[in-house]
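Report on the structure
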Amino acid sequence: MPTADEFGCTVAELRALMELRGAEALEKVQSSYGGVEGLCSKLKTDPVNGLPNDHDTLHKRQEAFGKNEIPPAPSKSFFRLAWEAIQDITLIILLVAAVVSLGLSFYRPEHNAGNDSSEQEAGWIEGVAILVAVIVVVMVTALNDWTKEKQFRGLQSKIETEHKFSVIRGGEAIDIIVNELVVGDVARVKYGDLLPADGILIQSNDLKIDESSLTGESDLIRKAVDHDPVLLSGTHAMEGSGRFIVTAVGLNSQTGIIMSLLGAAKEKKDEKAENGTLNSSQLTSVGNGLPNGDSKKVENAMPVDEDAGKVTKSVLQAKLSNLALQIGYIGSIVAGLTVLILIIRHCITHYAINGESFQASDVAYFVNFIIIGVTVLVIAVPEGLPLAITLALTYSVKKMMKDNNLVRHLDACETMGNATSICSDKTGTLTTNRMTCVQQYINKQFYKGEVPKFESIDKRTADLLITGISINSGYNSAVLPPKNPGEQRQQVGNKTECGLLGFVLDTGKNYEDIRRQYPEEKLYKVYTFNSSRKSMMTVIELPGGGFRIYAKGASEIILGRCSYILTRNGALESFGANEFTDLTQTVIEPMASDGLRTIGLAYKDMVPAGQKKEDNEIEYTGEIDWEDEETIRNGMTLIAIMGIQDPVRPEVPAAIEKCQRAGITVRMVTGDNINTARSIATSCGILKPGADFLALEGKDFNARIRDADGKVNQAKLDQIWPKLRVLARAQPSDKYVLVKGIIDSKNTKNREVVAVTGDGTNDAPALKKADVGFAMGIAGTDVAKEASDIILTDDNFTSIVKAVMWGRNVYDSIAKFLQFQLTVNVVAVTIAFIGACAISDSPLKAVQMLWVNLIMDTLASLALATEMPTEELLERKPYGRTKSLISRTMVKNIVGHAIYQLFILFGIMFWGDKIIPNTPSGRNAPLGSPPSKHFTIIFNAFVLMTLVNEINARKIHGERNIFKGIFTNPIFCVIWVTTLISQVLIVQFGGHWFSTSPLDLTQWLICIGCGLGELIWGQVITSIPSTILPKSFRFGKGDVQPTSIMLSGEYDVPSTASVVPAKLDGSVSGEKRPGQVLWLLGLTRLQTQIRVVKAFQSVNDDSHPNSLTTSTADRLRASYRRLKIARELEQQKRTGGLRAGGQVHSEESAKDPAGMKFV
């Protein structure tokens, strides 16, 4: 087996090297390895051509230095999940009661010796049946959790394989999955990349790294071969580009070391949390990663933006939390009253009226009362609700992958169904992102359609033009020959640059020849493109001394920097304000009106003093200050203006029309010229001729929404955004302000739910702020993907429309289940309660109720949560943020069906023995009596009515045809038929186990008739208009102040909706009633079934994904830092070093991510 010794440096040496920073690291590389070339030599790597791309070489390196992955933590075993499922208060009470009941069944008091022996023998069955029912519930829960965790791991690995990185192997640049990186690889880093391994720079262009995830330092760190060559895994490249040699991967990288420490520290951390050493806000990062804000902040503190320090929920979670509370309170009150009434009635009847004395055998009655009370509580609490959410979401997520939506945060799927507004990028999302240079303005001459040949252009201008395009672009941008004859060329890298490089090829020249003359190492300095510069500049040295600066960028910006222009035959003319205006009107605006992106190309020569030959040359003395960009970029000479076409995707106009029909407003936010944006928006259907819509530039937008002091005024913004459809020349901060303003606005009745698309590094704040952030899978940077909720694997707007459809389907699936579940709850709880009051017994026995609970919760949630979406879902308006989850139509259906079922069941209970043949009364039967046909009919009629009502529940908007599409859901059909067959077997053969007695044909026909009556009754209810109900008859509103404890019984996971203010120490402000908190913590049944949802939202609680480059790595590092910070805070408190109040966060960390504050 190969060892690291073969390579001239060991793993330990390389690890030690990566611990160093700045000048110290530079000195170590020079002294120990003889510079970067020496390090490459020791690692047997060619710094230009990289490693040979053969399997054996790479495998040897993996064996010597390790793989670039962290072994995943083992999954929870099935038995562990079962053990967790049984930690449920209601189940524990049932178990205890069942054991006591079982024990009492074997107790033989002497005075009862004459009782029927068969009754005594059957007495143990109920206790055992309850135990078996509880075991079934636990097993179903554990199995569900186990399969969902398995699915989740599959999804996580899918996200892992999406992350690729560019390396040079065998002299060719290729993209590989990050797990395949090895020590010695020469990797290429560019703007927006998330570094997957540690390394030392070989060459860089204006490279700046955000190391805040490791160091907490918010400033960008400039990296250069002669300054600070160390690159660390898990950090982000925010500007520039470069090449580096990989020196540490996997567990040996800085990320891997920290994650190993975290694994060792986890138990200690949990112990400290229990002892109260760390407060909740310091621990949130363990499960949830960085707080819900821009992670690029000073980390010596806690909150990071104005939303940090607030407990948040997704829209559906907020609504369900309130609903669960309401149902839970009612259920617990009714269950308590049931037990109380049964006990009081028993005591009065036996001890007061009959004058009996208390005997040990009477304990069995009280145990039975408690069992009835607990089963009422079990059936009242909708524990199937989180299961239905989990099933609906996981099912949808799996299907959405086929529709090019890779869901990273599970709740984003459901939130998308509520979206009322989509702020979309233009390039790549609405357009094809296939750039072609179709118009040129060179030497004051307009070229349209046909590209001019190199020979037809003035020689000097042509040289400047072709050389400028070739070297003033990312060297990873390339145009490759088509794979098959007749196809278009392949574009790799930045598509705008590819459009310009395609122009070079069309003129008859090869940009690769020019790049070979000027390899990246020869470029003197590169000012890479970013959103604030809106341009790129490359500096080269001139043969006779001096420098030439090539520039390209947005045409208005480049023109604004020019003092000269090359005219006919390459002659120089001065270029001032009048020429700027003239060129804008005659060249740029016509190009933009054709929907073209206009790019300006310019150059500037700087020569030593005394060597000036041309008017446009700038003389310098001494050293040039290359950091003074303002001076460097002014006084340029315009070479040409290029018009680049990016055609609208043919399917986009229809998709946007679907959105508008579905009540969703689509807005375009782009960095392009206003005329280009307006033209494309009109082609897409975002702007309609004659409609009262606004199209603004970023400058105008800011002028209209800000006060004199520069702060954003929400009232002013509320006057703009409803009509705004196009925001052009927008900075990333403008996008953030717009998104935040729309979300915070109370202008609309149901509040807005906003989705945003983004691909650039600076889009991250807006992507995080939005209710749903879509990142581009092809053109998107790693930073944008990390900040997003859903990745569009095809960068296509039509995929967003599919996400809306799936989201609405999830929402409707939950509503269908609720409508069905609540009808069952109302009926079961009412009949148990009235039965207790009227006949001292529940007509539905404990085991029967557990069976009903199983089919109502687990099986029904599976049946109703797996409906496929249809186009009809896009024909209604979105629900919005505050619309009630249970509408008036649903309340009408729930109450209507409950009345029908209760009428039938009470009729059978009180008069069934008189009306139905061969049915002796089962009322007031003594404890231990054999099962009666009377109560079996009640149980059977209830289940059959419920089964038929399950078909009714498939429609929630008042549709008459309830059977429409029923056969498109085979899962529903299979579960429905299986449940029906099981019910027949239980009734006919259940006996003492299910407290049933076999029914004859007449009794069965009566039960079936009651069930089928539900269909007719359903049509009657549909005929009643929902508007007769008052508006207050709606439940589960979303814009609420929810409790700080989720359905899961854990603290909330930061998400994107309703919020509760938190104090500095992370505790929720406002006293919670202890009863409320205890009650919620008591609902741990919900916790067992929602665990998967929580797992999707905070992956790293129990699992380490393989790659070091997911958000997990960032989050674990963040939690490790916070653990250290917490210890420091404790130390300061002990030494009295902390100021009163404990406020240690800096002003900078509390700033708004976009540097603005709303008023």
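All of these numbers come straight from a predicted model, not from anything done at the bench.

Calculation notes
Residues numbered from 1 in each chain as written. Predicted model: local features only at pLDDT ≥ 70, side-chain atom pairs only at ≥ 80, totals over all residues. Heavy atoms only, no water. Helix = DSSP H or I, 4+ residues; strand = E, 2+ residues; numbered from the N terminus. Contact = heavy atoms within 4.5 Å. Areas by Shrake-Rupley, 256 points an atom, 1.4 Å probe, with all protein chains shown as cover. 1 Å grid on protein atoms, 1.4 Å probe; cavity = no way out; pocket = protein on both sides within 12 Å on 5 of 7 lines; lining within 4 Å. Points joined across faces, edges and corners; volume = space filled by probe spheres on them. pLDDT = per-residue confidence, 0-100. Buried < 20%, exposed > 50% of the residue type's maximum accessible area, 1.4 Å probe, protein only. Arc of directions from axis to C-beta. Core = buried A, V, L, I, M, F, W, Y, C linked by side-chain atoms within 4.5 Å. Phe/Tyr/Trp six-rings, centres within 6.5 Å; stacked < 30°, edge-to-face > 60°. Lys NZ or Arg CZ within 6 Å of the ring centre and 35° of its normal.

1. Here's the deal with the overall build of the protein
- Helix and strand counts for the protein come out as 37 helices and 29 strands.
- Expressed as a percentage of contacts within the protein between residues at least 6 apart in sequence, the contacts between residues at least 24 apart total 75%.
- Total accessible area on the protein is roughly 45,500 Å²; 57% of this is exposed by carbon and sulfur atoms.

2. Overview of empty space enclosed by the protein
- A full pass over the atoms with the stated rule returns nine cavities of 30 Å³ or more.
- In this model, the second largest cavity occupies a volume close to 110 Å³.
- Gln 819, Thr 889, Lys 892, Asn 893, His 897, Asn 952, Lys 955, Gly 958, Glu 959, Ile 962, Gly 1018 and Thr 1022 together form the lining of the second largest cavity.
- For the lining of the second largest cavity, the elements supplying multiple residues, two or more each, are α30 (888-915) and α34 (1001-1023).

3. Focus: the confidence of the model for the protein
- Averaged over every residue, the pLDDT of the protein is 77; the share at 70 or more is 77%.
- Per-residue pLDDT stays below 50 along residues 265-313; that stretch engages in 153 contacts with residues further than four places along the chain or on separate chains.
- Below pLDDT 50 for its whole length, residues 1038-1113 participates in 236 contacts with residues either more than four positions away or in separate chains.

4. Description of helix α1 (residues 11-18)
- The set of residues buried in α1 consists of Leu 14, Leu 17 and Met 18. One side of α1 carries all its buried residues, which in axial view fall inside an arc of 95°.

5. Structural notes on the nonpolar core
- Among the nonpolar cores identified, the biggest contains 64 residues, and Met 416, Phe 774, Phe 797 and Leu 818 are the most heavily contacted of them.
- Among the elements that line this core, the one with the most residues is helix α28 (residues 797-839), at 13 residues.
- With residues near it in sequence (within four places) discarded, Phe 774 still touches Asn 405, Met 416, Ala 755, Val 756, Thr 757, Gly 758, Leu 767, Ser 788, Ile 790, Leu 792, Ile 800 and Ala 803.
- One finds Ala 380, Val 824, Phe 906 and Leu 999 within the second-largest nonpolar core, a separate group that totals 59 residues.

6. Description of the packing of aromatic side chains
- The tally for this structure, following the rule as stated, stands at 13 aromatic pairs.
- A ring pair is formed by Phe 366 and Phe 369, whose centres lie 6.1 Å apart and whose planes are at 85°; its orientation type is edge-to-face. Of the two residues, Phe 366 and Phe 369 both sit in helix α12 (residues 363-380), three residues apart, roughly one turn of that helix. For the residue pair Phe 366 and Phe 369, the accessibility class agrees, reading buried in each case.
- Considering the side-chain rings of Tyr 524 and Trp 626, the 5.5 Å spacing of their centres and the 55° angle between planes classify their relative orientation as tilted. Of this pair, Tyr 524 sits in the loop between α17 (511-517) and β15 (525-527) while Trp 626 sits in the loop between β21 (618-620) and α20 (629-633), and the two are 102 residues apart along the sequence.
- Pairwise contacts between aromatic rings join Tyr 351, Phe 358, Phe 366 and Phe 369 into one cluster.
- When the ring centre of Phe 693 is taken as origin, the NZ or CZ atom of Arg 725, which lies over that ring, is 4.1 Å away.

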